[in-house]
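Chain by chain, the residues run as shown.
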Amino acid sequence: MTVSNLLLVDDDLHFSELMSIRLESLGYQVFVAHRATLALSILQKQRIDVVLTDLRMEHMDGMALFQEIKKRFSALPVIMMTAHGSIPDAIAATEQGIAGFLTKPVDISALQDLLNTVLKARPSSESASQPGQFFGLYYESDAMHTLVHKLEAIARSKANIMIQGESGTGKEVTAKAIHSASEVSSGPFVAINCGAVPANLLESELFGHFKGAFTGATKDKIGLVQAADNGTLFLDEIADMPLELQVKLLRVLQERKVRPIGGQQEYDVNVRVLSASHKNLWDAVQNGLFREDLYYRLNVISVTLPSLKERPEDIPLLANHFLTSFGDKSFSPEAMTRLLNYDWPGNIRQLHNVVEHCAVLTPSKLITDSTVESALPVNTTAMMQGLNEAKAQFEYDYLQKVLALCQGNVAQAAVVAKRNRSDFYKLLKKHNIAPS
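A brief report on the enclosed structure follows. All residue numbers refer to positions counted from 1 along the written sequence of the respective chain. Two thresholds apply to this predicted model, a pLDDT of at least 70 for residue-level local features and 80 or more for giving and counting side-chain atom pairs, whereas whole-chain, interface and lining totals are computed over all residues. Note: side-chain values were computed over all heavy atoms of the structure, leaving out hydrogens and water.

## A word on the environment of Ala411
Then, in step 1: Turning to its location among the elements, Ala411 is positioned in helix 19 (residues 410–416).
Then, in step 2: Sequence separation between Ala411 and Ser422 is 11 residues, and the spatial gap between their C-alpha atoms is 9.7 Å. Secondary structure elements follow DSSP: runs of H or I of four or more residues count as helices, runs of E of two or more count as strands, with numbering from the N terminus.

This is the structure in structure tokens:
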């Protein structure tokens, strides 16, 4: 039976110590944070199944913490505790999506019943750890399981969706997956990178033109908006669209009609718009570079793709998937460990390029560590911090990634790390890492 990971957040050290002992006696793996900022840091590094937090805390209280969790980990259930409990507090909390509300002193049997209910409703960690595939998205990590669950829910809506994330995280692949899972999947999927087309040509590409509308317009041209009729239009790097074109796009979204350049007639269009940007679009709005009304039209629903660094469990799966295009080849354990230890600033796109580089340069079936090393640029991130901090961070990252490589099998991970099992367990305990 898989042990559930519980994050306990409370600034009362005595209470949290006693509560931790009682919860561990019930079979939970308990992580403790005495402030909300530390709790958010733990959530970035550990797989947590449920959060149990106090309402009244200094600096950031329980409701503020819940709002941050809701933004970053939308599927993670949160249970609230308070010594100042009241019916209005409970109502306000549950209306915003809190999974449960308990008053102190906490009745352990009531808490256990609530935890059983919450965890039963949440997808099990066993099922969440299984490799998945969602219309071209390959994943194994909890972060991607949570994201795909959200994509499945929103794909069949007709709402416009904003896809955000770092460069190379797979925004167009995600857009195609949403289209494929939608009710217009039989219609066209049309994509354009707004930053790759010169501003003077982008209007014609999007909205089309009639012959003679401008110099060089030697024949009529149907724009991409019309080409995507009864389907999906994907506008990549939407932040780079000039302001004057943003006005015309807004009108298309409002009126559901498009008028080609040089024409008088308007054409009805039924298009679902997905857009993406690696820039912070709200910052662009604040700086006057992007229309606020268009922002709200495009950003009815927002999804943020995790960086590859935030989903290390997916690196072996993705690398081996990319490698299938090059015949019967595989990575040596040392080579895969090196892939896991790299930071991947270019995300999935960079991983794909590195895999291709290694496959082309390897005549044999086994890709070695030295080949991977030659394909990766030097990582200078650790040079920006002190030696002790860099060592500790490397050790933590290494342990996490080796466990991911070995799918949580400690015995195999110890072999890869060239440590005996006892020493490996000590390292895990040192860094507060719980093997799944």
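What follows picks up the thread again.
## A short note on the side chain of His179
Then, in step 1: Mapped onto the elements, His179 comes out in helix 8 (residues 171–180).
Then, in step 2: Given a relative accessible area of 6%, His179 falls into the buried group.
Then, in step 3: Counting of polar contacts relies on pairs of N or O atoms within 3.5 Å, with two restrictions inside protein: one atom must be capable of donating a hydrogen and the other of accepting it, and residues adjacent in sequence are counted only when both atoms are side-chain atoms. Of note is the side chain of His179, whose polar atom sits 3.4 Å from the backbone oxygen of Ser185.
Then, in step 4: Any pair of residues with heavy atoms lying within 4.5 Å of one another is described as a contacting pair. Apart from residues lying up to four places away in sequence, His179 is in contact with Val184, Ser185, Gly187, Pro188, Phe189, Gly231 and Thr232. Accessibility here uses a 1.4 Å probe with only protein chains present; expressed as a share of the type maximum, an area under 20% marks a residue as buried, one over 50% as exposed, and anything in between as partly exposed.

## Notes on the packing of helix 14 (residues 314–323) against helix 15 (residues 333–341)
Then, in step 1: Remark: helix 14 packs on helix 15, axes separated minimally by 10 Å, with the N-to-C direction vectors making an angle of 120°. On the basis of the axis angle, helix 14 is oblique to helix 15. You can see that helix 14 and helix 15 cross each other, and the crossing is right-handed. In this structure, helix 14 uses Ile315, Pro316, Ala319 and Asn320 to contact helix 15, whose residues at the interface are Met336, Leu339 and Leu340. To get an axis, fit a line to the C-alpha atoms, keeping to the stretch in contact for a helix; angles then go from 0 to 180 degrees between the N-to-C directions. Angular relationships are summarised with four words: roughly parallel below 35 degrees, roughly antiparallel beyond 145, roughly perpendicular across 65 to 115, and oblique for the angles in between. The hand of a helix crossing depends on one turn: near helix anticlockwise from the far one by less than a right angle means left-handed, and clockwise means right-handed.

## Concerning the nonpolar core
Then, in step 1: As used here, the term nonpolar core means buried Ala, Val, Leu, Ile, Met, Phe, Trp, Tyr and Cys residues forming a set that is joined through side-chain atoms within 4.5 Å. Ranked by size, the top nonpolar core spans 31 residues in total, and within it Leu235, Ile238 and Phe290 carry the most contacts.
Then, in step 2: Element by element, the count of residues in this core is highest for helix 11 (residues 243–255), at five residues.
Then, in step 3: Beyond its immediate sequence surroundings of up to four residues, Ile238 is in contact with Met162, Cys194, Leu249, Ser275, Ala276, Ser277, Leu281, Phe290 and Leu298.

## Looking at the sheet that holds strand 13 (residues 271–277)
Then, in step 1: Overall, parallel pairing links the five strands, which are arranged 9-10-13-8-14 in an open sheet. For this open sheet the edge positions go to strand 9 (189–193) and strand 14 (301–304), each flanked by a neighbour on one side alone. Pairs of neighbouring strands in the sheet enclose a mean axial angle of 20°, with direction left out of account.
Then, in step 2: Sheet topology note: the strand 9/strand 10 (residues 231–236) ladder contains five bridges and is parallel. Bridge assignment links Asn193 to a residue of strand 10, and that residue is Asp236.
Then, in step 3: Of the strands in this sheet, strand 8 (161–164), strand 13 and strand 14 are in contact with helix 7 (residues 142–155), which crosses strand 14 at around 155°. Note on pairing: DSSP must find at least two bridges between two strands before they are called paired.

## Some thoughts on the sheet that holds strand 5 (residues 100–103)
Then, in step 1: Across the sheet, which stays open at both edges, the five strands sit in the order 2-1-3-4-5 with parallel pairing between neighbours. Each end of this open sheet is capped by a strand with a single partner; those strands are strand 2 (29–33) and strand 5. Ignoring which end each strand starts from, the neighbouring axes of this sheet average 20° apart.
Then, in step 2: Judged from the four bridges that link them, strand 1 (residues 5–9) and strand 3 (residues 50–54) form a sheet pairing that is parallel. Looking across to strand 3, one finds that Leu7 is bridged to Val51.

None of this, on its own, says anything about what the molecule does.
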